[in-house]
Structures are given as structure tokens and as C-alpha cells.
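# An overview of the molecular structure
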Amino acid sequence: MIFQVYKTQSQSSHRQEGVALMLSVLLLAAITAIVFSFTTIVFIELRATGDVMRSEPAFYATLGVTEEALFQYKRYVSSGQLDVPTCFPSNQAICELAGVTIQLPGTQPIQEDDVPRLQTVRAGEVIEIPLYQLGDWTLQYGQLELEAIPIGNSGSLNADLIKINRDGTEQTVISDVLREGDGALTLNIIDGDAQHELHLTNSTNGNFYTSIISYDTDNSTEKGLPFIAQRVLKIVADYAGITRTYKVFIPVP
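The structure reproduced in this document is the subject of the present report. (Residues numbered from 1 in each chain as written. Predicted model: local features only at pLDDT ≥ 70, side-chain atom pairs only at ≥ 80, totals over all residues. Heavy atoms only, no water.)

## Quick notes on the environment of Leu134
In this structure, Leu134 sits in the loop between strand S4 (126–130) and strand S5 (143–148). Accessibility expressed as a relative area gives 65% for Leu134, which makes it exposed. A C-alpha to C-alpha distance of 9.4 Å links Leu134 and Ala229, two positions 95 residues apart in sequence. (Helix = DSSP H or I, 4+ residues; strand = E, 2+ residues; numbered from the N terminus. Buried < 20%, exposed > 50% of the residue type's maximum accessible area, 1.4 Å probe, protein only.)

Below, the structure is given as C-alpha cells:
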């Protein structure tokens, strides 16, 4: 009987030790998880801080290139004397500033916008978007698709397709209303030998955000909307392994 009592106490002691060991393991796992989480957050913050510090030289170098482009286009400087998109003249280090490597890839200035264009129409604002190149009267776009960006737009946006005849007269070909939740609004352009404009009118008290997908005359090939009365440059700046891309819009007469 005494032996039985001793054996029971021994089993109870082992059970308590097992529970204590399990709790210790769980506590250690919790502490380890907290430490790893904290370390991850610290590394993310350090990386973000480093990115900000390395982005600043790239940003200011881009401003320097923008100033040169402003001088070129506003002063109508000949490309034989100054051509910022090609970094000419190279002996003036047009695209080498403060250790920042700057590139202007592709054909620049950019002639067409990205597809889709994200357009903000502010309260009470009317935006006129040309659908032509200056001096060209051929049909250049066949279809437009407008859709409200679902971020809680209130009210509606008036979309008017305007036809401009060679004699300068204008007429509204299509007039429709865009609302959030109604789906895409499609505008078909069928009149040739004319120029067209898209007029977006926001008569509400809040901003309206919309995306515009534009198609070539085959109504299937995406074609960006043209940049009229402005020079647009895409500047890619690299500094210490951080690459930043900036798009610069320079208004011209």
C-alpha cells in the first residue's frame, strides 16, 4: 500500500513537470514570434528610411533636368544647341547630376498618354480632351470607354463627344452621363474628315474620378490619348540602387 502511494505521487510529479515544460515551450515560442515580428518591422522601417534618403537625390536631379527642359521648350532653343530628351550636349552632363544616373527611354517627348488614363474632374470643372493631332483631320480614334473609379464618387459626370468641322463649327455628337456603379460608358466615333474632343463636365460639389480607355479606329487596339499643347517627358533616375520614374508635363503655347 505504501508502494502504491509512492508510485501515484511520482506519476503526478512527472505530469506537472510535463505541463511546466509545455508551458515553457509555448512561452519561448511566443517570445520568439514577438522578437521576429519586431525585427521584421525594424528592418522594414530601416529599408523605407533608406529608400527615402536615396530617393531625394534622384528627385532633385530630376528637377534639374526639368529646368533644362523648361528652358529648351519655353525659349524655343534649337535641338542642335540643347536637346534634353537625348541628353545633348553630352559635354554639359545634361543627364549626369550629383551621382544620379538619368535616362529618358524611348521616343521623347511622349506623344500619347498611358492606357487607361486616370482622370480627375474636380467639382464644377470642365475638361476638354482632344482626340486628334494638330493639323490632322483624319479619324484617329474609334471608341472610348469611360468608367467611374469605385471610390465613392457622388453625383454624376456629363460626357459629351464634340465634333469640330473644318469651318470651325462644333456640334455635340453624343451626350451621356456617367455614374458610379452603372458600368462602363461606351462612346463610338464614326465621323471622318473632322476633329473630335471629349468634354467632361462635373456639375456636382465633389470630385469625380474616372478611367478612360481609348481605342484606335479598329475599335480593338488600345491607343493612348494625345498630349496637346504640352511636352511630356518620362525621366528615370537611379541612385545607389534605387530607381524612380517621374513624368514631367511642360505646357507650351
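## Overview of the side chain of Gln143
Mapped onto the elements of the fold, Gln143 is located in strand S5. Leaving out residues up to four positions away in the same chain, Gln143 has contacts with Thr186, Leu187, Asn188, Ile213, Ser214, Tyr215, Asp216 and Asn219. (Contact = heavy atoms within 4.5 Å.)

## Describing the state of the cysteines
Structurally, a disulfide amounts to a covalent bond that connects the sulfur atoms of two cysteines. Applying the stated rule across the entire model yields one disulfide. Two residues, Cys87 and Cys95, share a disulfide whose sulfurs are 1.9 Å apart. Taking the torsion about the sulfur-sulfur bond, which here is approximately -85°, the covalent link between Cys87 and Cys95 counts as left-handed. Assessed through its relative accessible area of 7%, Cys95 is described here as buried. (Disulfide = S-S within 2.5 Å.)

## Some words on the environment of Ile212
Here Ile212 shows up in strand S10 (residues 208–215). Ile212 has contacts with Pro116, Arg117, Gln119, Ile129, Glu145, Leu146, Leu198, Leu200 and Leu225, leaving out every residue within four places of it along the chain.

## A word on the sheet that holds strand S6 (residues 157–164)
The strand order across the open sheet formed by four strands is S4-S9-S6-S7, and the pairing between neighbours is antiparallel. The sheet is open, and its two borders are formed by S4 and strand S7 (170–178), each paired with just one other strand. For this sheet, the mean angle separating the axes of adjacent strands, direction not counted, is 20°. Alignment of S4 against strand S9 (residues 195–201), held across five bridges, turns out to be antiparallel. Note on S9: the bridge partner recorded for Val126 is Thr201. (Pairing = 2+ DSSP bridges. Axes fitted to C-alpha atoms, helices over the stretch in contact; angles between N-to-C directions.)

## As for the side chain of Arg117
Checked against the element boundaries, Arg117 lands in strand S3 (residues 117–121). By relative accessible area, which is 12% here, Arg117 ends up buried. Separated by 2.8 Å, the side chains of Arg117 and Asp113 make a polar contact. Not counting chain neighbours up to four residues away, the residues in contact with Arg117 comprise Ile129, Thr210, Ser211, Ile212, Leu225, Pro226 and Phe227. (Polar contact = N/O pair within 3.5 Å; in protein donor to acceptor, adjacent residues only side chain to side chain.)

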